[in-house]
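# Summary of structural features
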Amino acid sequence: MLNREDAILELTGSAGVYSYGMIVPGFWGRTTLQLQPTRLVEKTQKIIARRHCAVLLTQIDSVEIVEEGNPLLLTIGILTISLMVGFIFIILYFVLKNKYLAVRSGSNVQLVMLNSANTERAQQFMNAVLKQAEGLQPQR
């Protein structure tokens, strides 16, 4: 069994939730992605939930850095638009952007919410995952 010492690279950030094609920030929780020699391991700890997921690097479809607004702000803005305060929430949706590192494999999505301090590290992590996955692909 591989453990923390076997990790090639590690990225930690706030938890994010991918649901119905939308990414929503998980306000209470931490996610750690570990790049290991043959797999990517996600460990997410939230207040009442825990997730441990491992994906073989050969099964990864894509790795991306996503920047988008919080859909909760847009929803509140639309619901309160008649009160005129809704316009503020809609503007905040377009101004306040969240960044995520998303790793897609089949129907699984592993997310880490990024901040300005770890955005460059996320780019390095993304490149390392793709490089390691390319090395494991069968030669044609």
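Only a predicted model underlies this, so the values are computations on that prediction, with no experimental measurement involved.

Applying the stated criterion across every chain, the model contains 1 aromatic pair. Note on Y93 and F94: the rings are 5.0 Å apart at their centroids and 80° apart in plane angle, and the pair reads as edge-to-face. Judged by relative accessible area, F94 falls into the exposed class, the value being 53%.

Our focus in this paragraph is a nonpolar patch on the surface. A contiguous nonpolar surface patch, about 710 Å² in accessible area, is contributed by I81, M84, F87, I91, F94, V95 and L96. Mapped onto the elements, I81 comes out in the loop between helix 1 (71–79) and helix 2 (86–95).

To continue, consider the layout of surface pockets. By rolling a water-sized probe across the atoms, one finds the places where empty space is left. By volume, the largest pocket is sized at about 220 Å³. Lining the largest pocket are 15 residues, with G16, V17, E42, R51 and V109 positioned closest to its centre. Within the residue set of the lining of the largest pocket, elements represented by two or more residues are strand 1 (9–19), strand 3 (39–46), strand 4 (50–56) and strand 7 (108–114). In terms of residue count, the dominant contributor to the lining of the largest pocket is strand 7 (4 residues).

Despite not being glycine, M84 has its phi angle at roughly 70°, a positive value. One can find M84 in the loop between helix 1 and helix 2.

Here we take up the environment of I65. Summarising the element assignment, I65 is placed in strand 5 (residues 62–69). I65 gets classed as partly exposed once you look at its relative accessible area, which sits at 32%. For the pair formed by I65 and L111, sequence separation is 46 residues and the distance between their alpha carbons is 9.7 Å. Leave out the neighbours within four places in its chain, and I65 touches Y100, L101, L114, A122, Q123 and M126.

What follows is about the confidence of the model for the protein. Of all residues in the protein, 94% have pLDDT values of 70 or greater, and the mean over the chain is 86. Per-element averaging of pLDDT across the protein places strand 2 (residues 22–35) at the bottom with 84 and helix 2 at the top with 94.

On to the nonpolar core, then. One finds L40, I60, L101, F125 and V129 to be the most contacted residues of the largest nonpolar core, which totals 18 residues. Of all elements in the fold, only strand 2, strand 4, strand 6 (97–105), strand 7 and helix 3 (119–136) reach the threshold of two or more residues within this core. Among the elements that take part in this core, helix 3 stands out by supplying 5 residues, more than any other. Every residue in contact with F125, bar those within four places of it in the chain, is listed here: L9, E10, L11, L33, Q34, L35, L40 and L101. Membership of the second largest hydrophobic core comes to 7 residues, among which are V66, A102, L111 and M113.

What counts as what
Residues numbered from 1 in each chain as written. Predicted model: local features only at pLDDT ≥ 70, side-chain atom pairs only at ≥ 80, totals over all residues. Heavy atoms only, no water. Phe/Tyr/Trp six-rings, centres within 6.5 Å; stacked < 30°, edge-to-face > 60°. Buried < 20%, exposed > 50% of the residue type's maximum accessible area, 1.4 Å probe, protein only. Patch = residues over 30% accessible without salt bridge, like charges linked within 9 Å, V, L, I, M, F, W, Y side chains within 5 Å. Areas by Shrake-Rupley, 256 points an atom, 1.4 Å probe, with all protein chains shown as cover. Salt bridge = Lys/Arg side-chain N within 4 Å of Asp/Glu carboxyl O. Helix = DSSP H or I, 4+ residues; strand = E, 2+ residues; numbered from the N terminus. 1 Å grid on protein atoms, 1.4 Å probe; cavity = no way out; pocket = protein on both sides within 12 Å on 5 of 7 lines; lining within 4 Å. Points joined across faces, edges and corners; volume = space filled by probe spheres on them. Contact = heavy atoms within 4.5 Å. pLDDT = per-residue confidence, 0-100. Core = buried A, V, L, I, M, F, W, Y, C linked by side-chain atoms within 4.5 Å.

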